[in-house]
Amino acid sequence: MKESIEKKLKHLCNWCTSILEYLETKYDDPPLFEEQKSIFVYEQAKNTLQNKNGTPSEWLRGYQEAQNDLHTMAKLCLTKEQYEELNAILKEQYNVNIHDISNAKKAKRILKRGTIKNDTEFRLVNDLVDELCQSDGDPTLIEQYNQLLFTYEKSKM
């Protein structure tokens, strides 16, 4: 496995474990978080990448999607104050702001580009549209994202 993929995987596993450990302190459901944390044990994840069908890059994308899901879960399940506390912890540990890698920022870059490139981006934009619809988001923005989704789905036919 390439060193760059291994480095990304290790960072991703540590980052996700930090989020899950924080969530575990806020909710009383240890089995749920223990099961999720087991996915991000670095040596186990590394073995998964090396011993499964598909390329390590494809599996890494799967772990990145799991990371996106954790970000969404944290944003939806935590209060604004808790989410900012989590962000402060992550910034201290990894020197990365969770807002800089949030789905909304990624979706805005996709919208600015004007096209969805792959299924991961499609899922990200689709999840954001769901979130915007549930929170009474800007109808114009929702329509712009829906147009991107429609165009991408049409190109897959």
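Preceding this paragraph is the structure being described.
Definitions and cut-offs
- Residues numbered from 1 in each chain as written.
- Predicted model: local features only at pLDDT ≥ 70, side-chain atom pairs only at ≥ 80, totals over all residues.
- Heavy atoms only, no water.
- Helix = DSSP H or I, 4+ residues; strand = E, 2+ residues; numbered from the N terminus.
- Expected span 1.5 Å × (residues − 1).
- Buried < 20%, exposed > 50% of the residue type's maximum accessible area, 1.4 Å probe, protein only.
- Arc of directions from axis to C-beta.
- 1 Å grid on protein atoms, 1.4 Å probe; cavity = no way out; pocket = protein on both sides within 12 Å on 5 of 7 lines; lining within 4 Å.
- Points joined across faces, edges and corners; volume = space filled by probe spheres on them.
- Nonpolar A, V, L, I, M, F, W, Y, C, P; charged D, E, K, R; others polar.
- Contact = heavy atoms within 4.5 Å.
- Core = buried A, V, L, I, M, F, W, Y, C linked by side-chain atoms within 4.5 Å.

Regarding helix α4 (residues 56-77)
Compared with an ideal rise of 1.5 Å per residue, which puts 22 residues at 32 Å, α4 spans 31 Å between its outermost C-alpha atoms and is within 8% of the ideal. Residues of α4 that are buried include every one of L60, Y63, Q67, N68, L70, H71 and A74, and no others. One side of α4 carries all its buried residues, which in axial view fall inside an arc of 155°.

Let's talk about the layout of surface pockets
Rolled over the atoms, a probe sized like a water molecule indicates the empty space that remains. Size it by volume and the largest pocket reaches roughly 440 Å³. As for the largest pocket, its lining consists of 18 residues, and the residues nearest its centre are L12, Q64, Q67, N68 and K106. When residues of the lining of the largest pocket are traced back to their parent elements, those giving at least two are α1 (3-26), α4, α6 (103-113) and α7 (119-134). Tallying contributions element by element places α4 first for the lining of the largest pocket, with six residues. Its residues placed into classes, the lining of the largest pocket shows five nonpolar, six polar and seven charged.

Section: the side chain of T17
As for its position among the elements, T17 is in helix α1. Classification of T17 by relative accessible area gives buried; the value is 18%. Not counting the four nearest positions on each side in its chain, T17 is found in contact with K37 and F40.

Topic: the nonpolar core
Counting 25 residues, the largest nonpolar core has L9, I19 and F40 as the members making the most contacts within it. At the level of secondary structure, the elements contributing two or more residues to this core comprise α1, α3 (42-51), α4 and α5 (80-94). No other element matches α1, which puts 10 residues into this core. When sequence neighbours within four positions are dropped, the list of residues in contact with L9 reads Y42, A45, K46, L49, L60 and Y63. Counting 14 residues, the second-largest nonpolar core is a separate cluster that includes I110, L132, L148 and L149.

Side note on unusual backbone geometry
One non-glycine residue, N95, lies in the positive phi region at around 55°. With respect to the helices and strands, the residue N95 is situated in the loop between α5 and α6. Taking the relative accessible area as the measure of exposure, N95 reaches 71% and is therefore exposed.

Let's talk about helix α8 (residues 139-155)
Between its first and last C-alpha atoms α8 spans 24 Å; for 17 residues at 1.5 Å apiece the expected length is 24 Å, and the two agree. For α8, the complete set of buried residues consists of I142, Y145, L148, L149 and Y152. Each buried residue of α8 sits inside an arc of 125° when the element is viewed along its axis, so together they form one side. Turned more than 90 degrees away from the buried face of α8, the exposed residues are P139, T140, K154 and S155.

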